[in-house]
Amino acid sequence: DAHRALNKLDIEKFMFVNSPQDYSAIASYAASKLCNVAFTKELQRRFYGQFLSFSVNPGPVKTDIFRHN
């Protein structure tokens, strides 16, 4: 569900082309999840009929992802 936090994927923003001040950890995480979904969809498109490709939401998982927030 994290990938839904983005309205669009701005690659330059995540590559610090403009400035490091534009960085957002939450937006970067959402972008990485959006890329996971896009990759999965492209695998399915390219290899349709050969295998199935899925991206799933594992639900709540106990991690230290917010330890520095």
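In case you missed it, the structure is sitting above this.
This report concerns the structure included in the present document. (Residues numbered from 1 in each chain as written. Predicted model: local features only at pLDDT ≥ 70, side-chain atom pairs only at ≥ 80, totals over all residues. Heavy atoms only, no water.)

Some points on the overall build of the protein chain
Convention followed: Secondary structure elements follow DSSP: runs of H or I of four or more residues count as helices, runs of E of two or more count as strands, with numbering from the N terminus. Burial here depends on accessible area, computed with a 1.4 Å probe over protein chains only, as a share of the maximum for the residue type. Under 20% is buried, over 50% is exposed, and the range in between is partly exposed. Only heavy atoms enter the contact rule, under which two residues are in contact if any of them lie within 4.5 Å. All accessible-area figures derive from a Shrake-Rupley calculation using a 1.4 Å probe, and residue coverage is judged against the displayed protein chains alone.
Secondary structure assignment for the protein chain yields two helices and zero strands. When burial is assessed residue by residue, the protein chain has 14% of its 69 residues classed as buried. Sequence-distant contacts, at least 24 apart, represent 52% of the contacts inside the protein chain between residues at least 6 apart. Summed over all atoms, the accessible surface of the protein chain reaches about 6100 Å², with 57% contributed by carbon and sulfur.

Quick word on a nonpolar patch on the surface
Threshold: Patch rule: a residue counts if its relative accessible area is over 30% and it has no salt bridge; like charges are joined within 9 Å, and nonpolar side chains (Val, Leu, Ile, Met, Phe, Trp, Tyr) within 5 Å. Each salt bridge in this description consists of a side-chain nitrogen of Lys or Arg and a carboxyl oxygen of Asp or Glu lying within 4 Å of one another.
A surface patch of nonpolar side chains, about 420 Å² in accessible area, is lined by I26, Y29, I65 and F66. If you trace the backbone, Y29 turns up in helix α2 (residues 25–46). Note on Y29: relative accessible area 39%, which makes it partly exposed.

A few points about the packing of aromatic side chains
For clarity, the threshold we go by: Each Phe, Tyr or Trp ring (for Trp, its six-membered ring) is paired with any other whose centre lies within 6.5 Å, and the angle between the two planes then decides the class: stacked below 30 degrees, edge-to-face above 60, tilted in between.
Counting across every chain of the model gives one aromatic pair. The interplanar angle of 25° and the centroid separation of 5.2 Å between the aromatic rings of F47 and F51 together place this pair among those described as stacked.

With respect to α2
Stated formally: Expected span of a helix, by definition, is 1.5 Å for each gap between consecutive residues, and there is one gap fewer than residues.
Here α2 is 22 residues long and its end C-alpha atoms lie 31 Å apart, about the 32 Å a rise of 1.5 Å per residue gives. Of the residues making up α2, those classed as buried are A27, S28, A30, A31, V37, T40 and Q44.

Considering the pattern of salt bridges
Summed over the entire model, instances satisfying the criterion amount to two salt bridges. Between E42 and R45 there is a salt bridge, with its nearest N and O atoms 2.5 Å apart. With E42 and R45 both in helix α2 and three residues apart, this pair spans about one turn of that helix. As a salt-bridge pair, E42 and R46 come within 2.7 Å of each other at their nearest N and O atoms. Pair noted here: E42 and R46 are both in helix α2, with a separation of four residues, about one helical turn. E42 sits in the partly exposed class, given a relative accessible area of 27%. One salt-bridge network, held together by shared partners, links E42, R45 and R46.

Considering the environment of T40
Selection rule: Counting of polar contacts relies on pairs of N or O atoms within 3.5 Å, with two restrictions inside protein: one atom must be capable of donating a hydrogen and the other of accepting it, and residues adjacent in sequence are counted only when both atoms are side-chain atoms.
By the secondary structure assignment, T40 is in helix α2. A C-alpha to C-alpha distance of 9.4 Å links T40 and L52, two positions twelve residues apart in sequence. Sequence-distant contacts of T40, that is, excluding residues within four places in its chain, are made with S53, F54 and S55. Of the polar contacts made by the side chain of T40, one reaches the backbone oxygen of N36; its length is 2.9 Å.

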